[in-house]
2 protein chains.
Amino acid sequence: MARVAIIGTGFIGRAWAISYARAGHDIVLWDADASAPAAALDYVEGVLPELAANDLLNGAEPATVRGRMSAEANLGEVLKDVDHVQENTPEDVEIKKTVFAMLDEAAPASAILASSTSALLPSSFTEHLKGRARCLVVHPINPPYLVPAVEVVPAPWTSEEAMTKAAAFMRSAGHAPIVMKKELDGFVMNRMQGALLEEAFRLVASGYATVEDVDIGIREGLALRWSFMGPFETIDLNAPGGVRDYVERYQSIYSRIHPSMRDRVDWAGDVLKDVEADRRRALPAERLKDRQVWRDRRLMALAAHKRRADTDIGK
Amino acid sequence: MARVAIIGTGFIGRAWAISYARAGHDIVLWDADASAPAAALDYVEGVLPELAANDLLNGAEPATVRGRMSAEANLGEVLKDVDHVQENTPEDVEIKKTVFAMLDEAAPASAILASSTSALLPSSFTEHLKGRARCLVVHPINPPYLVPAVEVVPAPWTSEEAMTKAAAFMRSAGHAPIVMKKELDGFVMNRMQGALLEEAFRLVASGYATVEDVDIGIREGLALRWSFMGPFETIDLNAPGGVRDYVERYQSIYSRIHPSMRDRVDWAGDVLKDVEADRRRALPAERLKDRQVWRDRRLMALAAHKRRADTDIGK
């Protein structure tokens, strides 16, 4: 059982608290706004019963998981004897620099200092710290208590030991860490999401397909297999001789298409009018919030399904 | 109830037969190899009970669905009074030209002639046919009885009426048609798969991530939401003000990344050694076939889950 500090208790921080507490760890929440942790814990109390109903609390009662969390206003107290710090402050490099300087100063030398940033490279806010070898990024997809994948990203000076420790800690909390070999803008997941979105915007901008057509192609098509195999295993199973056979048979199709993918369309240009009009027809703005609740329910049901299928059919 | 001819009864043709028969249609199977339809029907008989067990036969008994299919060696008989022809012969433009000439000659003028091709544009094999206005592509992801998305693609001379009729027919069979406005190499789905794979191969080739890291990022990350929302709805719900707000907040990240996505890596180059080594470590070649069976079971369980979630939580 580890002691985990959550620094910044907005949507990402509170979600991390659930994920780590479910794994049995002791969680302390801290925020620059002293009233924020209490609001975060209220939110957590609303989520835990739904997770229990979907058998996503490792068999624990909601109250037991909630009992592993506490709020603390004094940062020195928060960081005392801490094993893992998960930082979730705004995506501003100056703020991160200030926060990481405080964390590095006060946390025990053995603690891992992990940032949840999606947009900043770890080298951009840890270079001048004494303990920079234990600083890294652990980037989740929200909410981490429903999405196992996390990116563990080193700065050039992050130690192997810190990377190994962070990855092992994530695995022990039920996460699936992507352990990057070196930092890269967009990490892995935003780069892959970006690649897909660039083509999606291009298809709509050039009038070949609608927004809904693109979503159908993924939601009722490609992402079904991707959701339990990923793209490499998918192509490995899509030719009798595996991935080499697939590449030999089909690369020519993809290389023929690629030149038309080299230029990007400005997402904020004319295409955005069409994209927004299509989306607002499908979902009026006033229903966005309800739809987010729906999304989280679907995601929870899918997580429960995948867990059952892993057991019944195999991983 | 329509009469459907399946022309070519390999893996795609036999899977279409299941999809159309499940929808209540009468199916006639034909193949240039006269022994092939019987083998296809044997295969179908193996699949139907599993579909029934997952409640994926619209409540019908396997024997009832099987009873809607028959094999016929005489092509004239096959095409008599047919409403929809689904062609699944090899991906060779000369073969398609010959087959479509025969089909156009013998099928009633009211019948839709649909090719399952993934690699050829419909204009490349239908231009000189008298009935070219009723020729189009209906491209599935295999197997269509588990994957709703299909691409309906016109040649420049395909009539609006034929497109509307084909799309309606697909919807009535439980499919989700992507109705393309004009033909395009790779259609929609292979283009999106290509965009993702290009980045996946680049990440592995440049040493940032392993094959398994990429698959984790999709299978335990991005594709969870994509599997019930698609990429546009995903970003629409990922900013408080919807898709416009998302683009305003985050496009700069993606446009910054894009220049490093302009050049493609040769998938068959050095990277393939690493990709193949990683895949064969994860799954030895002699287990590829077993894993394909696993994949189809997982896909079936996911289809059943999605159907339940559509009802219980909403679509």
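This structure is a prediction, so every number in the text was calculated from the model and none was measured.

So, how was this worked out
- Residues numbered from 1 in each chain as written.
- Chains lettered and ligands numbered in written order.
- Predicted model: local features only at pLDDT ≥ 70, side-chain atom pairs only at ≥ 80, totals over all residues.
- Heavy atoms only, no water.
- Helix = DSSP H or I, 4+ residues; strand = E, 2+ residues; numbered from the N terminus.
- Rg over C-alpha atoms; globule rule 2.2 N^0.38 Å.
- Buried < 20%, exposed > 50% of the residue type's maximum accessible area, 1.4 Å probe, protein only.
- Contact = heavy atoms within 4.5 Å.
- Areas by Shrake-Rupley, 256 points an atom, 1.4 Å probe, with all protein chains shown as cover.
- Lys, Arg positive; Asp, Glu negative; His and termini not counted.
- Charge placed at Lys NZ, Arg CZ, Asp CG, Glu CD.
- Least-squares fit on C-alpha atoms with pLDDT ≥ 70 in both.
- UniProt positions renumbered as here; feature names shortened; annotations may be inferred.
- Pairing = 2+ DSSP bridges.
- Axes fitted to C-alpha atoms, helices over the stretch in contact; angles between N-to-C directions.
- Domains from an automatic or database assignment.
- Salt bridge = Lys/Arg side-chain N within 4 Å of Asp/Glu carboxyl O.
- Buried area = accessible area lost by both parts, 1.4 Å probe.
- Polar contact = N/O pair within 3.5 Å; in protein donor to acceptor, adjacent residues only side chain to side chain.
- Nonpolar A, V, L, I, M, F, W, Y, C, P; charged D, E, K, R; others polar.

Observations regarding the overall build of chain A
Next, step 1: Along the backbone of chain A there are 12 helices and eight strands.
Next, step 2: What you see for chain A is a C-alpha radius of gyration of 21 Å, in line with the 20 Å of a compact globule of 315 residues.
Next, step 3: Referenced to the eigenvectors of the C-alpha coordinate spread, the extents of chain A come out at roughly 60 × 45 × 45 Å.
Next, step 4: Looking at chain A as a whole, 59% of its 315 residues are labelled buried.
Next, step 5: Here the analysis covers contacts within chain A between residues at least 6 apart in sequence; of these, 67% occur between residues at least 24 apart.
Next, step 6: Total accessible area on chain A is roughly 12000 Å²; 51% of this is exposed by carbon and sulfur atoms.
Next, step 7: Here chain A contributes 38 positive and 45 negative side-chain charges, whose respective centroids are spaced 3 Å apart.

Thoughts on the relation of the copies chain A and chain B
Copy one and copy two of the chain differ by a rotation about a common axis and a shift along it.
Next, step 1: With an RMSD of 0.0 Å, chain A superimposes on chain B once it is rotated by 180° and translated 0.0 Å along the axis. Accordingly, the operation relating the two chain copies is best matched by a two-fold axis.
Next, step 2: A share of 100% of interface residues in chain A that are also interface residues in chain B marks the association as one of identical surfaces.

Remarks on the UniProt feature "domain: 3-hydroxyacyl-CoA dehydrogenase C-terminal" (unreviewed entry) in chain A
Next, step 1: Sequence positions flagged by UniProt for "domain: 3-hydroxyacyl-CoA dehydrogenase C-terminal" (unreviewed entry) are, in local numbering, residues 186-266 of chain A.
Next, step 2: The span residues 186-266 of chain A shows a helical share of 72% and a strand share of 0%, and its end C-alpha atoms are spaced 18 Å apart.

Observations concerning the sheet that holds strand β7 (residues 149-154) of chain A
Hydrogen bonds between backbone atoms are what pair the strands of a sheet, whose relative direction is either parallel or antiparallel.
Residues and elements named next belong to chain A.
Next, step 1: Pairing within the open sheet is mixed, and its eight strands lie in the order β3-β2-β1-β4-β5-β6-β7-β8. One side of each edge strand has no neighbouring strand; the edge strands of this open sheet are β3 (69-71) and β8 (176-179). Ignoring strand direction, the axes of neighbouring strands in this sheet form an average angle of 25°.
Next, step 2: Judged from the four bridges that link them, strand β4 (residues 84-87) and strand β5 (residues 112-115) form a sheet pairing that is parallel. If you follow Val85 over to β5, its bridge partner there is Leu113.
Next, step 3: The sheet strands contacting helix α8 (residues 189-205) are β6 (135-140), β7 and β8, and the helix crosses β7 at an angle near 115°.

Points about the domain arrangement of chain A
Next, step 1: According to the domain assignment, chain A consists of domain 1 (3-179) and domain 2 (189-282).
Next, step 2: Using C-alpha coordinates to define each centre, domain 1 of chain A is positioned 33 Å away from domain 2 of chain A.

Describing the pattern of salt bridges
Next, step 1: Counted by the stated rule, this structure contains 46 salt bridges over all chains.
Next, step 2: Here Asp236 of chain B makes a salt bridge to Arg279 of chain A, at a shortest N to O gap of 2.8 Å. Residue Asp236 of chain B is found in helix α9 (residues 211-236), and its partner Arg279 of chain A is found in helix α11 (residues 270-282); the two belong to separate chains. Each of the two residues, Asp236 of chain B as well as Arg279 of chain A, counts as buried.
Next, step 3: We note a salt bridge from Asp270 of chain B to Lys273 of chain B, for which the minimum N-O separation is 3.0 Å. In this pair, Asp270 of chain B and Lys273 of chain B both sit in helix α11 (residues 270-282), three residues apart, roughly one turn of the helix.
Next, step 4: One continuous salt-bridge network, built from bridges that share partners, spans Glu233 and Asp236 of chain A together with Arg279, Arg280 and Arg291 of chain B.

Regarding the interface of chain A and chain B
Next, step 1: If you look at the interface, chain A gives 117 residues, while chain B gives 117 residues.
Next, step 2: Together, the buried faces of chain A and chain B total about 11500 Å²; carbon and sulfur atoms form 64% of this surface.
Next, step 3: Here chain A and chain B share 20 salt bridges between them.
Next, step 4: Put simply, Asp236 of chain B and Arg280 of chain A hold a salt bridge, and the shortest N to O gap is 2.6 Å.
Next, step 5: For the pair chain A and chain B, the number of links is 49 residue pairs in polar contact (both at pLDDT 80 or more).
Next, step 6: Those elements giving two or more residues to the side of chain A that touches chain B turn out to be β8, α8, α9 (211-236), α10 (243-257), α11 and α12 (288-312) of chain A.
Next, step 7: With 25 residues, the top contributor of residues to the side of chain A that touches chain B is α9 of chain A.
Next, step 8: Here the residues of the side of chain A that touches chain B are counted per class, giving 61 nonpolar, 23 polar and 33 charged.

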